[in-house]
Amino acid sequence: MPKMFIHASPHAIPLAARSRVAAELTELAISCERLSPADGVRNGIWTFFVDQGDDSVFVGGKATSASIVALVIYALTGGLDDSARGKMIFKATEIIARYGNMGEGPPPIYVVIHEVAEKNWGMFGHQVSLADLRTH
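Residues numbered from 1 in each chain as written. Predicted model: local features only at pLDDT ≥ 70, side-chain atom pairs only at ≥ 80, totals over all residues. Heavy atoms only, no water.

Q: What am I meant to see in the overall build of the protein here?
A: On a plain count of helices and strands, the protein comes out with four helices and eight strands. Taken from N to C terminus, the helices and strands of the protein fall in the order β-α-α-β-β-β-β-α-β-β-β-α. For 136 residues, the compact-globule formula gives about 14 Å, and the C-alpha radius of gyration of the protein, at 16 Å, lands near that figure. The principal-axis extent of the C-alpha atoms belonging to the protein is close to 45 × 30 × 25 Å. Taken over 136 residues, the protein has a buried fraction of 40%. Surface summary for the protein: the accessible area is close to 7,300 Å², and the carbon and sulfur share equals 57%. (Helix = DSSP H or I, 4+ residues; strand = E, 2+ residues; numbered from the N terminus. Rg over C-alpha atoms; globule rule 2.2 N^0.38 Å. Buried < 20%, exposed > 50% of the residue type's maximum accessible area, 1.4 Å probe, protein only. Areas by Shrake-Rupley, 256 points an atom, 1.4 Å probe, with all protein chains shown as cover.)

And the structure:
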């Protein structure tokens, strides 16, 4: 039940494409974490688009208007094995590049996965259980 934050300049991922990006990232998360596809679990996977102004993105210490993206994923510890982490990084990059305005060459997309212990993860006032998310 990851939470995904996409930090990018406003033009990097067009508004019209964002729902498709979020939908595909949701399906990817379900697959990689081996979660139940039930609506209750699916509805707990959230994607946030955090628009960065053109004057707030810097590369090498210099402001840039280039379309670069940072995807920060918070997931439960134990939800992803090494293979699933690699798949999540590769496929998430592919999804964002497909819908984004990335230009030529390798897509400038940074992905980081933060794993959080179940005891430190809560939703709707309750701690979350990975086992429950896989069986509901």
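On we go.
Q: How do you make sense of the side chain of T64 when you look at a structure like this?
A: Tracing the backbone shows T64 in the loop between β4 (62–63) and β5 (69–76). For T64, a relative accessible area of 19% corresponds to the buried category. Ignoring any residue separated from it by four or fewer positions in sequence, one finds T64 in contact with D54, V57, F58 and V59. (Contact = heavy atoms within 4.5 Å.)

Q: What is the right way to look at the pairing of β5 in this model?
A: Across the eight residues of β5, six count as buried, placing the element largely inside the fold. Both strand β1 (residues 3–8) and β5 contribute to a ladder of six bridges, which runs antiparallel. For I6, the partnering residue across the bridge sits in β5 and is L71. Alignment of β5 against strand β6 (residues 109–116), held across eight bridges, turns out to be parallel. Within β6, the position partnered with V69 by the bridge is I109. (Pairing = 2+ DSSP bridges.)

Q: I would appreciate a short explanation of the sheet that holds β1 in the present structure.
A: Taken in spatial order, the four strands make up an open sheet running β2-β1-β5-β6, and their pairing is mixed. Of all strands in the sheet, those bounded by a partner on one side alone are β2 (46–51) and β6. Taken over all neighbouring pairs, the strand axes of this sheet differ in orientation by 15° on average, direction set aside. Across six bridges, the pairing between β1 and β2 is parallel. From the neighbouring strand, H7 faces β2, where its bridge partner is V50. (Axes fitted to C-alpha atoms, helices over the stretch in contact; angles between N-to-C directions.)

Q: Honestly, the pattern of salt bridges in this entry has me stumped. Any pointers?
A: Proximity of charged atoms lets side chains of opposite charge pair with each other. Applying the stated criterion to the full structure yields six salt bridges. The salt bridge partner of R85 is D82, with a shortest N-O separation of 2.5 Å. Separated by three residues within a single helix, R85 and D82 lie in helix α3 (residues 82–99), roughly one turn from each other. For R85, a relative accessible area of 24% corresponds to the partly exposed category. The exposed category is assigned to D82, whose relative accessible area is 66%. Residues joined by salt bridges that share partners form a network here, namely D82, R85 and E115. (Salt bridge = Lys/Arg side-chain N within 4 Å of Asp/Glu carboxyl O.)

By themselves, these figures tell us nothing about what the structure is for.
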